[in-house]
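Residue strings, one per chain:
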Amino acid sequence: LNHLSFDPASTESLGLDSPAEDGNGGRNLSLESIPMGLPMSDPSAWATAMNNLGMAPMGMTGQPLLPDFDPALGMMTGIPPINPMMPGLGIVPPPIPPDMPAVKEIIHCKSCTLFPPNPHLPPPATRERPPGCKTVFVGGLPENGTEQIIMEVFEQCGEVIAIRKSKKNFCHIRFAEEFMVDKALYLSGYRIRLGSSTDKKDTGRLHVDFAQARDDLYEWECKQRMLAREERHRRRLAEERFRPPSPPPVVHYSDHECSVFSEAIQTLLTWIERGEVNRRTANNFYSMIQSANSHIRRLVNEKAAHEKEMEEAKEKFKLALSGILVQFEQIVAVYHSASKQKAWDHFTKAQRKNISVWCKQAEEIRNIHNDELMGIRREEEMEMSDEEIEDPSEMKETEESALVSQVEALKEENDSLRWQLDAYRNEVELLKQEQGKASRDEDTTKEQQMKLLQQALQGMQKHLLKVQEEYKKREAELEKVKEDKLKIETLLENLKEQESSTSRVCACSQEKECPVEKTLSNSPVKSEREVLLVGIISTFLHVHPFGASIEYICSYLQRLDSKICTAEVEVLMTRLQNTFRQELSGVGASLEK
């Protein structure tokens with residue numbers, strides 16, 4: 001704290017009674033009605049000193065500044081200790097003079113405490129402030145610091161829009177307004193402690209500095225552009241306010257305007273039509289008309305200069321066109337030499353086609369430019385003949401100075417006739433171009449028809465080839481059918497022969513049926529059912545070459561016929577001793593057949 005201009009221990013100078021503790025352990029303070037004669041150069045220091053002494057901060061009029069002051073705790077309840085940054089308390093100090101060092105106080109937050117730096121140390125260095133800066137860089141954060149703690153500390157400076165925290169104990173904070181950045185810079189150099197912990201991870205020294213952000217720069221540029229637009233609009237309005245009306249009206253005749261007159265033909269025409277000519281002003285008007293006549297000579301000279309420039313341009317154009325034509329001739333000669341047999345045979349079909357197309361295009365362009373050059377030469381010849389015809393007439397007209405008006409009339413007629421001739425030439429050229437286009441269109445239509453016919457012929461040839469292939473396939477199929485028919489006939493003959501042989505065998509077998517039946521009556525198998533069982537059992541035992549129990553065999557047979565029993569199967573198999581062999585395995589109760 002700064003050195004106070006009074007002794008806080010002496011209660012007499014304050015006009016206070018000595019504090020007496022009441023029964024509840026608190027202290028009662030009574031304020032006398034004597035006005036306070038103390039200097040209040042630093043209200044924050046005054047309030048802080050009274051707070052540290054356990055007294056309620058008083059205003060200049062003797063009213064308590066904070067009604068919820070708790071003297072037992074030595075500080076205001078519900079709010080942190082008073083510091084110059086707390087808005088709305090009415091004790092913010094006036095602007096500090098530059099020679100006087102600023103006093104920083106301890107700042108208490110809910111989850112952390114900020115301790116001021118040493119007042120004798122120089123202020124922390126900052127970079128140059130970027131235009132429109134709303135973002136600050138905050139370094140030296142505790143390792144265990146979270147975004148909630150950062151928000152809790154810096155939201156006292158103003159509305160925080162965004163916090164971008166890094167893993168390396170620093171962050172960037174963007175505020176809503178620019179003046180909030182100055183408040184945040186006040187916290188630079190403070191030591192932060194989370195809670196009451198003294199661990200290294202819970203402590204740090206804050207370093208707050210300006211940060212260069214693209215969003216801030218963009219907003220600042222937009223604002224500057226808007227201000228520039230408004231300034232331009234204001235300037236334009238001011239200029240339009242003082243601008244004369246447009247178009248300016250034609251002034252009335254006066255001696256002064258007549259002296260200022262210089263080649264203003266429109267003004268002269270207006271004056272004459274208004275009737276400004278009289279005996280007094282006739283001489284002035286005559287001099288102005290005479291100057292208009294001299295202006296005609298100047299216009300004629302300008303026209304002659306322009307005609308000369310046009311002739312020079314025509315000569316340049318003619319020379320350039322003739323050079324281009326020479327190059328076209330060389331290119332066409334290249335195409336013609338490439339289409340001769342010596343080189344033509346070595347190109348592919350696609351290359352030959354491209355060369356022929358390019359040759360046609362080059363010839364067409366060459367012919368167009370040649371016609372253009374010939375037209376220019378014809379025009380020059382016509383102009384030369386016109387000049388030869390005009391020369392004698394002009395010689396005669398110069399001798400007769402009295403017929404100047406007739407000469408002008410003849411010139412006008414000559415110009416009109418020349419323009420008509422130019423128009424006819426243009427029409428003839430257009431007709432030629434249209435005829436050339438029509439002939440080209442006919443050529444293109446003929447080429448298209450030829451291409452269509454060629455495509456049709458190719459399609460017919462392909463169709464004929466397909467038909468021939470189908471005809472060959474059908475012939476091969478017919479030959480196969482004939483061969484199959486011959487095979488079938490031979491098979492039928494063989495079958496007929498077999499039938500005749502089987503009929504003979506049947507006759508012999510009928511004679512031998514009686515002794516076969518006798519032998520069947522003596523066999524161990526007595527019925528077809530037993531024969532079927534023997535066949536099934538034999539196939540089952542083929543699958544089990546190492547033998548199987550009678551129960552296993554019977555379980556298989558009962559799937560086919562549920563009426564079969566094990567005794568029947570055992571009797572049948574013992575009867576056929578030559579077919580089946582019985583083996584016993586096991587002893588006593590575990591005996592198996």
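Source: prediction; values computed, not measured.

## Section: the overall build of the chain
Right, on to step 1. Broken down by element type, the chain carries 14 helices and 12 strands.
Right, on to step 2. Out of the 593 residues belonging to the chain, those deemed buried represent 21%.
Right, on to step 3. Within the chain, contacts between residues at least 6 apart in sequence are counted, and of these 58% link residues at least 24 apart.

## Focus: the sheet that holds strand 7 (residues 135-139)
Right, on to step 1. Here four strands make up an open sheet; going across it, the order is 8-9-7-12 and the pairing antiparallel. Strands with a single pairing partner mark the edges of an open sheet, and in this sheet they are strand 8 (160-165) and strand 12 (207-210). Strand-to-strand twist in this sheet, taken as the mean axis angle between neighbours without regard to direction, amounts to 20 degrees.
Right, on to step 2. Here strand 7 runs beside strand 9 (residues 170-175); their pairing, made up of five bridges, is antiparallel.

## Some details on the UniProt feature "coiled-coil region" (unreviewed entry) in the chain
Right, on to step 1. In this numbering, the UniProt entry assigns the feature "coiled-coil region" (unreviewed entry) to residues 289-316 and 407-501.
Right, on to step 2. Between the first and last C-alpha atoms of residues 289-316 the distance is 41 Å; the span itself is 100% helix and 0% strand.

## Regarding the sheet that holds strand 11 (residues 203-205)
The strands making up a sheet associate through backbone hydrogen bonding, with each pair oriented either parallel or antiparallel.
Right, on to step 1. Spatial ordering of the open sheet is given by 5-6-10-11, a layout of four strands whose pairing is antiparallel. At either margin of the open sheet sits one strand with a lone partner, and together these are strand 5 (107-108) and strand 11.
Right, on to step 2. As paired strands, strand 6 (residues 112-115) and strand 10 (residues 191-194) are joined by four bridges and run antiparallel to one another. Each bridged residue has a counterpart across the sheet, and for Leu 114 the counterpart in strand 10 is Ile 192.
Right, on to step 3. Seen against the sheet, helix 2 (residues 147-154) touches strand 6 and strand 10 and runs at an angle of roughly 50 degrees to strand 6.

## Focus: the pairing of strand 9
Right, on to step 1. Note that strand 8 and strand 9 share five bridges and pair antiparallel. The residue of strand 9 that forms the bridge with Ala 162 is Arg 174.
Right, on to step 2. The hairpin turn running from strand 8 into strand 9, its antiparallel successor, is four residues long, and Asn 169 in that turn takes a positive phi close to 60 degrees.

## Things to note about the packing of helix 6 (residues 265-274) against helix 7 (residues 282-338)
In helix packing, the relevant descriptors are the interaxial angle and the interaxial distance, both defined with respect to the helix axes.
Right, on to step 1. Look at helix 6 against helix 7: their axes get within 11 Å of each other, and the N-to-C directions meet at 140 degrees. On the basis of the axis angle, helix 6 is oblique to helix 7. In the crossing of helix 6 with helix 7, the sense of the turn from one axis to the other is left-handed. Side by side, helix 6 and helix 7 meet where Ile 265, Leu 268, Trp 271 and Ile 272 of the first sit next to Phe 285, Met 288, Ile 289 and Ala 292 of the second.
Right, on to step 2. Its residues placed into classes, the contact of helix 6 with helix 7 shows eight nonpolar, no polar and no charged.

Calculation notes
Residues numbered from 1 in each chain as written. Predicted model: local features only at pLDDT ≥ 70, side-chain atom pairs only at ≥ 80, totals over all residues. Heavy atoms only, no water. Helix = DSSP H or I, 4+ residues; strand = E, 2+ residues; numbered from the N terminus. Buried < 20%, exposed > 50% of the residue type's maximum accessible area, 1.4 Å probe, protein only. Contact = heavy atoms within 4.5 Å. Pairing = 2+ DSSP bridges. Axes fitted to C-alpha atoms, helices over the stretch in contact; angles between N-to-C directions. UniProt positions renumbered as here; feature names shortened; annotations may be inferred. Parallel < 35°, antiparallel > 145°, perpendicular 65-115°, else oblique. Left-handed = near helix turned anticlockwise from the far one by under 90°. Nonpolar A, V, L, I, M, F, W, Y, C, P; charged D, E, K, R; others polar.

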